[in-house]
Amino acid sequence: MENKRWYDKEPTLSLAISLIKNSNPNTQKRCAEFIKTKAEDYGVTLKSNLLGAFNYVLNRWYDSSEELSTAFDYLKAADDDTRKQIAIAIIGFLEKAETC
């Protein structure tokens, strides 16, 4: 069976995304900021897409939040190794967030 979602190709990333999805909106927002910072620390950058901003359509669960959508764009832009490292950091972040 082929994975349909881009983040299901890597089990650690899939787990991290699942944990984000099941978090409360406030934790999701904080996690989005964490992802952006982590990705930038690894040198991940986003290409400017002004046309995409005008054609913004809510298709995926994470598109309901602009912060989450941008954070996921950073994850998509990262290479496989960086994406896995960020996923491990996300899991740790969410583990701490849920215990606070």
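S.K.: Mind laying out the nonpolar core, listing which residues take part and the relevant values?
M.R.: Counting 22 residues, the largest nonpolar core has Ile 17, Ile 20, Cys 31, Ile 35, Phe 72, Leu 75 and Ile 90 as the members making the most contacts within it. Breaking this core down by element, the ones donating at least two residues are α1 (11–21), α2 (25–41), α4 (66–77) and α5 (80–99). Setting aside anything within four residues of it in sequence, one finds Ile 17 in contact with Tyr 7, Trp 61, Phe 72 and Leu 75.

S.K.: A description of α5 should follow, citing residues and the corresponding values.
M.R.: In this model, α5 (20 residues) spans 29 Å end to end at C-alpha, consistent with the 28 Å of a helix rising 1.5 Å per residue. For α5, every residue scored as buried is listed here: Thr 82, Arg 83, Ile 86, Ala 87, Ala 89, Ile 90, Phe 93, Leu 94 and Ala 97. Buried-residue contacts for α5 involve α1, α2 and α4. Where α5 begins, one side-chain oxygen reaches toward the backbone nitrogen of Asp 81, 3.1 Å away; that side chain belongs to Asp 79.

Calculation notes
- Residues numbered from 1 in each chain as written.
- Predicted model: local features only at pLDDT ≥ 70, side-chain atom pairs only at ≥ 80, totals over all residues.
- Heavy atoms only, no water.
- Core = buried A, V, L, I, M, F, W, Y, C linked by side-chain atoms within 4.5 Å.
- Buried < 20%, exposed > 50% of the residue type's maximum accessible area, 1.4 Å probe, protein only.
- Helix = DSSP H or I, 4+ residues; strand = E, 2+ residues; numbered from the N terminus.
- Contact = heavy atoms within 4.5 Å.
- Expected span 1.5 Å × (residues − 1).
- Polar contact = N/O pair within 3.5 Å; in protein donor to acceptor, adjacent residues only side chain to side chain.

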